[in-house]
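# Results of the structural survey
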Amino acid sequence: SNAIADSHSSMTIKLSLSGKAGGLVGENLATGKIERSNASGNVTVGGNTIAGGLVASNEGSIKDAYASGTVTSGTAGQSGGLVSVNSGNIQNAYATGAVTAGYSGEAGGLVANNAGTIAGSSATGEVKANSKFIFTIGGTAGGLVGINSGSIIDSFAKTGTVYGSTAGGLVGNNLSTGVLANTSAQGKVEISGNILNDGGLGGLVGINAGEIHKSSAQGDVSRAVTVTGTGHVGGLVGKNLSGGVIS
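Now for a quick tour of the structure. Computed from a prediction, not measured in an experiment: that's the story for all the values here.

Glancing now at the sheet that holds strand β5 (residues 25–28). The 8 strands lie next to each other as β5-β10-β14-β18-β23-β27-β31-β36, forming an open sheet whose pairing is parallel. Sheet topology places β5 and β36 (237–240) at the edges, where each strand pairs with a single neighbour. Direction aside, the axes of adjacent strands within the sheet are offset by 5° on average.

Spelled out as structure tokens, the structure:
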């Protein structure tokens, strides 16, 4: 039945070559189910690689699960506290570990890149896309999700700080198909590296082209005066693009 239930891993995972690395599972396919499971080991990978605290790539369903290890990827990597790349369903899940992606990478406290559905879930770890340096190419970071083109419902992020060139307390970049409903973020959002490609910093969302409903943010949003480039800073949304809906 392709199901994993009541399982745990505390193994440290390291992958230097490109690929998929997860604290419990590397890839969960569309027919796969993971329930009541968790991982506590740290996951560390190189550049152009996806890394998740529990699962690297999820196309199936994850329910009642959590991850507590740190997740780190190199240049252009994708790091998620629970899942790196999600096109499936995540329900009642959380992640607590610190998440870091290298230059031009994507980092999310729960998911790096979401095209699926996330419901009733949360993240509490610090998130960095690129480290906290000036004049280097940053990435996209979100307290819960780095880049979202799916749905995030009844979920929150309560992080120490989110660092990125495009960064949001909940979502770094909410694309045109992305929907946020009944979500919240609490934590500090700061610039990391040079603001490239007209980036944005927001307490909830850095850049929004999708829909945001009944959502809130609490925390400081700051852009260092020494940073060059064009950027937009907002308490809720850094930059709301044409077609972006906030209600």
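On we go.
Taken as a whole and judged by the stated rule, the model has 5 salt bridges. A salt bridge links K20 to E27, with the nearest nitrogen and oxygen atoms 3.1 Å apart. A relative accessible area of 41% places K20 in the partly exposed class. With its nearest N and O atoms 2.9 Å apart, the salt bridge here joins E190 to K188. In this structure E190 comes out as buried when scored by relative accessible area, which is 13%. Judged by relative accessible area, K188 falls into the partly exposed class, the value being 32%. Taken together, the shared-partner salt bridges connect D6, E35 and R36 into one network.

Core analysis: the biggest nonpolar cluster contains 29 residues, and L54, I62, L82, I90, L110, L144 and L170 have the highest contact counts within it. For this core, the secondary structure elements donating two or more residues are β11 (61–67) and β15 (89–95). Listed in part, the 11 residues of the second largest apolar core include A129, A141, V162 and L201.

Quick notes on the rules
- Residues numbered from 1 in each chain as written.
- Predicted model: local features only at pLDDT ≥ 70, side-chain atom pairs only at ≥ 80, totals over all residues.
- Heavy atoms only, no water.
- Pairing = 2+ DSSP bridges.
- Helix = DSSP H or I, 4+ residues; strand = E, 2+ residues; numbered from the N terminus.
- Axes fitted to C-alpha atoms, helices over the stretch in contact; angles between N-to-C directions.
- Salt bridge = Lys/Arg side-chain N within 4 Å of Asp/Glu carboxyl O.
- Buried < 20%, exposed > 50% of the residue type's maximum accessible area, 1.4 Å probe, protein only.
- Core = buried A, V, L, I, M, F, W, Y, C linked by side-chain atoms within 4.5 Å.

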